[in-house]
Amino acid sequence: MASLSGIDESLQYPVARRDESVVDDYHGVKIVDPYRWLEDPDAEEVKDFVQKQVELTDSVLKNCDVRDKLREKITKLFDSPRYDAPFKRGNKYFYFHNTGLQPQSVLYVQDSLDAKAKVLLDPNTLSDDGTAALIKVSVSEDAKYLAYALSYSGSDWATIKLMRIEDQIVEADALSWFKFSSIAWTHDSKGFFYSRYPAPKEGKDMDAGTETDSNLYHEFYYHFLGTKQSEDILCWKDPEHPKYIFSGHVTEDGQYLVMCIEENCDPVNKVYYCDLSALPEGLEGFKKRDGLLPFVKLIDGFDAQYEVIANDDTVFTFLTNKDAPKYKIIRVDLKEPNDWFEVIPEAERDVLESATAVNLNQMIVSYLSDVKYVLQIRDLKNGSLLHQLPIEIGSVNAISARREDSVVFISFTSFLIPGIVYQCNLKTETPEMKIFRETIIPGFDRSEFHVHQVFVPSKDGSTKIPMFIVSKKNIKLDGSHPCLLYGYGGFNISVTPSFSVSRTILMRHLGAVFCIANIRGGGEYGEEWHKGGALAKKQNCFDDFISASEYLISAGYTQSRKLCIEGGSNGGLLVGACINQ
């Protein structure tokens, strides 16, 4: 297995019919859309076109002389145990674990970190094809109930189910048309808040998941355990703004319900809150009367993003990009809603990714510095730096803790580290970091590989594009290597270092070089970096990606005929545009 097979004959792609009759008029400007017909996945012509694409792909793959060996190697390396960071509710710990080749990870529960764990919910037993997925889980404060959202075949639509944790009895509760929502328990464990869309009208396609129309009229509800969905309390709706999406969470003191409102993928949201302790008859009182919850509109405009970190009674701490493209931490007293002040100001270059309240009066803050994560312990009250946590170049996937916890779990990965869950003890004078669980892949030796980061000048000459280059050590820069270049560049999403079995196989056995170009449009340097590759500046994404490609060729890593570009979702748009340009 020394090299990738070449394709000698030119490929005969299916003909994509152009329909010049489809013309849109945008403010007097005529725009032809000749491939509009391809937007209907149920049309016979589209199905035929897709099938021909599949046949073309199969004709290439069947001539790949290393395909079976690749499958064998990839399967072997995937067959290694993986763990997510545990989280605590009540007196129990919960975590996801995959033995290796399971289609879906399994949820486990244990009475303590040293106690024997038992399977709480295995989604692999819920479908024959392994596509039943737990897309959301939420445990009640007393750890007696598990609410979980189950989807099938990759659909965004899910149904919320309810399980008694002690005896794993699944209750009759079933909440349909759940999508783009959180599940937030009240501290009395009588029920939870969630969001849903209205059920389709009679005659509409009920097989949710393949439709291409947009979802409208999201609504925010409260469900009492043991009741029908039709009896749920409607807490909030806004029919005048059908695209709004509602999500809520209950503060750790149990007093406030905080609802965030979004309209699209932009990093902005509204913030409303409701003092649950001030409801005269509690939520039960809304069973007897119509009317929405009495929310107070703290932020009623889409001027910035606001994420609650913690609260002390009426004093709330937020992570925000308000007048801070790289984010900052601010505080406000609900009694004085116009008086905000900074706790941690915006950094000059690094992006403040997250902040988690821990150890009563501290917080773990995560910065992205040149696409590499930095973890710090800071004072929750004044933001002062207390400790820097030692981590390698890589990505922090999760920080699992609540404000009352002095033990924090940190999930970490990198190009050469399949996965580590660190246990950080904040009781000691200097925080103690130790490996709690680690994914070990037999036969993988990280010392065989090298990770290098370069900064490539883009077409405009004034912007440096970060790019990670991963390869076997001491390769010759003679242009002989197959190269896989990945990009995304959209929606303020950062593409950070992570481990990939399949890409490692390409590097180890086929001599490939793997690269990630952190082009504009992403979130690697904050909102300005995002806007630099969006809307009228979208061309910057393509220029950045092309510049990264040209660097790899000029530096001797590869040559044009051995360079493959890859991207998914928004990255698919990137690849399509670059191929054509």
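Residues numbered from 1 in each chain as written. Predicted model: local features only at pLDDT ≥ 70, side-chain atom pairs only at ≥ 80, totals over all residues. Heavy atoms only, no water.

Some thoughts on the pattern of salt bridges
Right, on to step 1. Going through the model one piece at a time under the given rule, you end up with 27 salt bridges.
Right, on to step 2. Residues Asp-167 and Arg-164 are paired through a salt bridge, measuring 2.5 Å at the closest nitrogen-oxygen approach.
Right, on to step 3. Glu-284 serves as the salt-bridge partner of Lys-190, at 3.1 Å between the closest nitrogen and oxygen. Of the two residues, Lys-190 is situated in the loop between strand S12 (184-185) and strand S13 (191-196) and Glu-284 in the loop between strand S18 (270-275) and strand S19 (296-299); the sequence distance between them amounts to 94 residues.
Right, on to step 4. Accessibility expressed as a relative area gives 29% for Glu-284, which makes it partly exposed. (Salt bridge = Lys/Arg side-chain N within 4 Å of Asp/Glu carboxyl O. Helix = DSSP H or I, 4+ residues; strand = E, 2+ residues; numbered from the N terminus. Buried < 20%, exposed > 50% of the residue type's maximum accessible area, 1.4 Å probe, protein only.)

A short note on the nonpolar core
Right, on to step 1. Within the largest apolar cluster, 34 residues are counted, with the highest numbers of intra-cluster contacts made by Ile-329, Met-363, Val-365, Leu-375, Val-396, Val-408 and Ile-410.
Right, on to step 2. Listing elements by their share of this core, those giving two or more residues are strand S20 (306-312), strand S23 (336-344), strand S24 (351-358), strand S25 (362-369), strand S26 (372-379), strand S28 (395-400), strand S29 (407-414) and strand S30 (417-425). (Core = buried A, V, L, I, M, F, W, Y, C linked by side-chain atoms within 4.5 Å.)

Examining the domain arrangement of the protein
Right, on to step 1. Split into domains, the protein comes out as domain 1 (85-303), domain 2 (304-440) and domain 3 (446-580).
Right, on to step 2. When each unit is reduced to the centre of its C-alpha atoms, the spacing between domain 1 and domain 2 is 25 Å.
Right, on to step 3. Opposite the 26 residues of domain 1 that make contact, domain 2 presents 25 residues.
Right, on to step 4. When domain 1 packs against domain 2, the two sides together hide about 2200 Å² of surface, and 55% of this comes from carbon and sulfur.
Right, on to step 5. For the interface between domain 1 and domain 2, the tally reads two salt bridges.
Right, on to step 6. Residue Glu-141 is joined to Arg-402 by a salt bridge in which the shortest nitrogen-to-oxygen separation is 2.9 Å.
Right, on to step 7. Here domain 1 and domain 2 share ten residue pairs in polar contact (both at pLDDT 80 or more) between them.
Right, on to step 8. Broken down by secondary-structure element, the contributors of at least two residues to the side of domain 1 that touches domain 2 are strand S4 (87-89), strand S5 (92-98), strand S17 (256-262), S18 and S19.
Right, on to step 9. A class-by-class count of the residues in the side of domain 1 that touches domain 2 yields 16 nonpolar, five polar and five charged. (Domains from an automatic or database assignment. Contact = heavy atoms within 4.5 Å. Buried area = accessible area lost by both parts, 1.4 Å probe. Polar contact = N/O pair within 3.5 Å; in protein donor to acceptor, adjacent residues only side chain to side chain. Nonpolar A, V, L, I, M, F, W, Y, C, P; charged D, E, K, R; others polar.)

Points about the UniProt feature "domain: Peptidase S9 prolyl oligopeptidase catalytic" (unreviewed entry) in the protein
Right, on to step 1. Mapped onto this numbering, the UniProt entry annotates "domain: Peptidase S9 prolyl oligopeptidase catalytic" (unreviewed entry) at residues 497-581.
Right, on to step 2. In residues 497-581, the share of helix is 49% and the share of strand is 11%. The end C-alpha atoms are 28 Å apart. (UniProt positions renumbered as here; feature names shortened; annotations may be inferred.)

Considering the environment of Tyr-422
Right, on to step 1. Mapped onto the elements, Tyr-422 comes out in strand S30.
Right, on to step 2. Sequence separation between Tyr-422 and Glu-438 is 16 residues, and the spatial gap between their C-alpha atoms is 8.5 Å.
Right, on to step 3. Residues within four places of Tyr-422 in sequence aside, it is in contact with Val-408, Phe-409, Ile-410, Phe-412, Met-433, Lys-434, Ile-435 and Phe-436.

A short note on the state of the cysteines
Right, on to step 1. Per the stated rule, a full pass over the model turns up zero disulfides.
Right, on to step 2. Here Cys-265 is not disulfide-linked; the sulfur of Cys-541 is the nearest cysteine sulfur, at 15 Å.
Right, on to step 3. Cys-483 provides the cysteine sulfur closest to Cys-515, a residue in no disulfide bond, and the two sulfurs are 3.8 Å apart.
Right, on to step 4. Given the relative accessible area of 0%, Cys-515 is considered buried. (Disulfide = S-S within 2.5 Å.)

Some points on the sheet that holds strand S22 (residues 328-333)
Right, on to step 1. Reading across the sheet, the four strands line up as S20-S21-S22-S23 and stay open at both edges, with antiparallel pairing between neighbours. The sheet terminates laterally at S20 and S23, the two strands that pair on one side only. On average, adjacent strands in this sheet sit at an angle of 30° to one another, irrespective of strand direction. (Pairing = 2+ DSSP bridges. Axes fitted to C-alpha atoms, helices over the stretch in contact; angles between N-to-C directions.)

Observations concerning the packing of helix H2 (residues 67-78) against helix H3 (residues 501-510)
Right, on to step 1. The contact between H2 and H3 brings their axes to 10 Å, and the two run at 130°. On the basis of the axis angle, H2 is oblique to H3. For the element pair H2 and H3, the recorded crossing hand is right-handed. Where H2 abuts H3, its residues Leu-70, Lys-73, Ile-74, Leu-77 and Phe-78 lie against Val-501, Ser-502, Ile-505, His-509 and Leu-510.
Right, on to step 2. In terms of residue class, the contact of H2 with H3 is built from seven nonpolar, two polar and one charged. (Parallel < 35°, antiparallel > 145°, perpendicular 65-115°, else oblique. Left-handed = near helix turned anticlockwise from the far one by under 90°.)

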